[in-house]
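The primary structure of each chain is shown beneath.
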Amino acid sequence: MRAAPPPLAGGTSGAEALRPLLDTVLDALHDGARARGGPLPPGGPEAVAARVAALGAALPEHGTDPHEALRTLVHAVAEGAADPAHPLCAAHLHTPPLALAVAADLAASALNPSMDSWDQAPAASALEAEVTAALAAEVYPTAGRPDALVTTGGTESNQLALLLARERHGRVRTVVGANAHHSFHRAAWLLGLPEPVTVPTPDGTLDPAALAGALKGLDGPVLVAATAGTTDEGLIDPIPALADVCAAHGAELHVDAAYGGPVLFSRTHRHLLDGLDRARTVTVDLHKLGWQPAAAGLLAVRDAADLNALGHTADYLNADDDTEAGLPDLLGRSLRTTRRPDVLKTAVTLRALGRAGLGALVDACMERAQDLADLVEKSPGLELRARPTLTTVLFRPVAAAEPTGGATSTEAAGPTSTDEDLATIRRTLLAEGHAVLGRAGADGRLWLKATLLNPHATPGDLARLITLVEGSTHR
């Protein structure tokens with residue numbers, strides 16, 4: 001007799017099928033994190049790969065059972081995770097997701113709407129329209145018809161911005177700062193556009209005068225890409241002045257605010273994004289300063305009509321007579337066809353926390369960045385690159401030296417450690433599983449990078465991070 005197929009997650013019986021499995025998952029997550037004991041597993045790549053390989057065949061001839069499979073593999077991944085919820089995991093724009101957003105994402109997976117036709121996602125598509133309109137209005141508060149598309153993140157959003165500019169103008173030239181995200185160069189390549197003109201940014205941000213000089217030598221349509229939250233330093237280009245330069249030269253402005261965009265939720269810090277609404281398109285990621293599980297990106301446009309270029313027809317999804325009869329056409333809402341309802345987790349977060357709650361999380365992380373900068377400045381063995389703008393702090397050890405008679409305090413502090421020393425410190429902390437710090441180049445030197453996205457981090461956690469770095473310099 002043939003065995004019954006495994007239960008499904010949807011329908012009236014789906015919740016009961018999920019309930020015991022979720023208990024197994026939650027236990028495995030807890031036990032795996034406890035076994036790891038820190039921000040990431042010790043031992044480095046070879047040790048982690050060996051532990052995973054020891055689990056056995058990835059595709060056995062006969063399976064075990066659902067609980068064993070979940071318990072074994074979830075525990076292994078949790079034990080071997082770089083956990084952004086740990087306060088010493090602070091290398092990248094890799095956020096610890098909110099529990100309520102993860103719970104909502106479970107519902108999205110269980111229901112599994114596909115956002116490419118209304119008959120696959122009736123309520124989810126309506127919810128997406130409401131949420132994207134609300135978020136577009138945050139970016140463009142005075143625009144008549146703003147809109148936003150849900151994307152997989154900054155890379156897709158930036159590519160869409162270039163695509164829309166190409167559809168408006170043809171062979172558009174892109175001008176970026178040297179501080180811009182690498183995705184602009186890849187997007188130009190994918191879209192058959194000229195390699196972007198790159199303006200040097202020796203101070204870390206795009207200088208309006210330097211941009212004006214670059215635009216003088218260009219003919220034809222131009223899209224300038226500014227940045228609100230650089231990947232390496234968390235800096236914000238002077239958006240109002242850049243918008244003035246673009247207006248004077250007939251260029252369009254796109255702002256990559258994948259990192260800094262959610263600062264709009266903060267009443268305290270949103271002034272940092274003054275002028276954002278002067279951009280024709282804006283990239284925002286909510287899986288950074290929005291605490292959503294990846295992916296949760298947006299491309300906001302000042303005028304919804306700009307999105308008409310994405311219109312596409314496939315009779316089995318959006319036949320003309322269906323659209324004329326009132327069924328919403330979803331194919332123009334993305335370059336993807338099958339698409340998860342990523343909007344659900346965001347909608348739940350917005351409803352549960354509101355603008356004020358999200359703003360408070362932004363403020364907390366920005367305060368922690370200032371706290372870390374304070375600690376670095378007070379440490380004689382460390383050098384601070386600059387006071388943080390958002391939540392990124394760059395610092396580096398100063399090599400110890402014996403004071404000599406008559407030496408100044410600067411001379412007594414000793415020479416700056418080499419880039420090789422710094423890279424070794426970072427990799428040592430990784431290999432030992434003690435801390436996850438990034439690396440960034442600035443002013444011709446290498447720096448340790450702490451990107452603080454955990455609103456639960458405490459000043460004590462930051463002091464522990466400083467102690468670990470300082471301890472590594474004396475080995």
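Residues numbered from 1 in each chain as written. Predicted model: local features only at pLDDT ≥ 70, side-chain atom pairs only at ≥ 80, totals over all residues. Heavy atoms only, no water.

A. Broad picture of unusual backbone geometry. Look at the link from Ala 294 to Ala 295: it is a cis peptide, with omega at 10°. Its place among the elements puts Ala 295 in the loop between β6 (281–285) and β7 (297–301). Even without a glycine there, the phi angle at Trp 291 is positive, about 60°. Overall, the relative accessible area of 0% leaves Trp 291 in the buried class. For Asp 443, which is not glycine, the phi dihedral falls at a positive 45°. Residue position: Asp 443 is located in the loop between β10 (438–442) and β11 (445–451). (Helix = DSSP H or I, 4+ residues; strand = E, 2+ residues; numbered from the N terminus. Buried < 20%, exposed > 50% of the residue type's maximum accessible area, 1.4 Å probe, protein only.)

B. Geometry of a nonpolar patch on the surface. Taken together, Val 52, Leu 55 and Leu 73 make up a surface patch of nonpolar side chains, about 250 Å² in accessible area. Counting through the fold element by element, Leu 55 comes out in the loop between α2 (44–53) and α3 (66–79). Residue Leu 55 is classed as partly exposed on the basis of its relative accessible area of 37%. (Patch = residues over 30% accessible without salt bridge, like charges linked within 9 Å, V, L, I, M, F, W, Y side chains within 5 Å. Areas by Shrake-Rupley, 256 points an atom, 1.4 Å probe, with all protein chains shown as cover. Salt bridge = Lys/Arg side-chain N within 4 Å of Asp/Glu carboxyl O.)

C. Representation of the side chain of His 287 in the model. Its place among the elements puts His 287 in the loop between β6 and β7. At 3.2 Å, the side chain of His 287 and the side chain of Asp 285 are in polar contact. Of note is the side chain of His 287, whose polar atom sits 2.8 Å from the backbone nitrogen of Ala 296. Residues in contact with His 287, not counting those within four places in the same chain, are Leu 93, Thr 95, Thr 152, Gly 153, Gln 292, Pro 293, Ala 294, Ala 295, Ala 296 and Gly 297. (Polar contact = N/O pair within 3.5 Å; in protein donor to acceptor, adjacent residues only side chain to side chain. Contact = heavy atoms within 4.5 Å.)

D. Just the state of the cysteines, in detail. By the definition in use, this model includes 0 disulfides. There is no disulfide at Cys 365, and the cysteine sulfur nearest it, in Cys 89, is 13 Å away. Relative accessible area serves as the criterion here: at 1%, Cys 365 is assigned to the buried category. (Disulfide = S-S within 2.5 Å.)

E. Local environment of a negative patch on the surface. Taken together, the side chains of Asp 119, Asp 315, Asp 320, Asp 321, Asp 322, Glu 324 and Asp 329 present a region of like negative charge at the surface. When residues of the negative patch are assigned to their parent elements, the largest contribution, 4 residues, is made by helix α11 (residues 320–324). Relative to the helices and strands, Asp 320 is located in helix α11. (Lys, Arg positive; Asp, Glu negative; His and termini not counted. Charge placed at Lys NZ, Arg CZ, Asp CG, Glu CD.)

F. A look at the packing of aromatic side chains. Tallied over the full model, the rule gives 0 aromatic pairs. Sitting over the ring of Trp 447, Arg 396 keeps its end group 5.8 Å from the ring centre. (Phe/Tyr/Trp six-rings, centres within 6.5 Å; stacked < 30°, edge-to-face > 60°. Lys NZ or Arg CZ within 6 Å of the ring centre and 35° of its normal.)

G. Here's a closer look at the packing of helix α8 (residues 208–216) against helix α9 (residues 239–249). Across the interface, α8 lies against α9 with an axial gap of 9 Å and an inter-helix angle of 20°. With respect to their mutual orientation, α8 and α9 come out roughly parallel. Between α8 and α9 lies a crossing of right-handed hand. On α9, the residues touching Pro 208, Leu 211, Ala 212, Leu 215 and Lys 216 of α8 are Ala 241, Leu 242, Val 245, Cys 246 and His 249. (Axes fitted to C-alpha atoms, helices over the stretch in contact; angles between N-to-C directions. Parallel < 35°, antiparallel > 145°, perpendicular 65-115°, else oblique. Left-handed = near helix turned anticlockwise from the far one by under 90°.)

H. Representation of the pattern of salt bridges within the structure. Counted under the stated rule, the structure contains 27 salt bridges. As a salt-bridge pair, Arg 355 and Glu 138 come within 2.5 Å of each other at their nearest N and O atoms. With Arg 355 in helix α12 (residues 343–378) and Glu 138 in helix α5 (residues 122–139), the pair connects residues that are 217 residues apart, well separated along the chain. Classification of Glu 138 by relative accessible area gives buried; the value is 14%. Among the ionic pairs, Arg 280 bridges to Asp 306, the shortest N-O distance being 2.8 Å. Here Arg 280 is found in the loop between β5 (252–257) and β6, whereas its partner Asp 306 is found in the loop between β7 and α10 (315–318), with 26 residues between them in sequence. What emerges from the salt-bridge pattern is a single network uniting Glu 233, Glu 383, Arg 385, Asp 443 and Arg 445.

I. The layout of surface pockets, seen in detail. Taken as a whole, the largest pocket holds about 990 Å³ of empty space. Surrounding the largest pocket, 34 residues form its lining, Val 25, Leu 29, Pro 97, Val 102 and Pro 293 being those nearest its centre. Among the elements of the structure, α1 (14–36), α3 and α4 (99–111) are those that each provide at least two residues to the lining of the largest pocket. Element by element, the count of residues in the lining of the largest pocket is highest for α1, at 8 residues. Counted by class, the lining of the largest pocket contains 24 nonpolar, 6 polar and 4 charged residues. Of the volumes computed, that of the second largest pocket is approximately 270 Å³. As for the second largest pocket, its lining consists of Val 52, Leu 55, Gly 56, Ala 57, Ala 58, Pro 60, Gly 63, Thr 64, Glu 68, Ala 69, Thr 72 and Leu 73. When residues in the lining of the second largest pocket are grouped by element, the largest group, 4 residues, is from α3. (1 Å grid on protein atoms, 1.4 Å probe; cavity = no way out; pocket = protein on both sides within 12 Å on 5 of 7 lines; lining within 4 Å. Points joined across faces, edges and corners; volume = space filled by probe spheres on them. Nonpolar A, V, L, I, M, F, W, Y, C, P; charged D, E, K, R; others polar.)

Take it as geometry only, folks, not as evidence of what the structure does.
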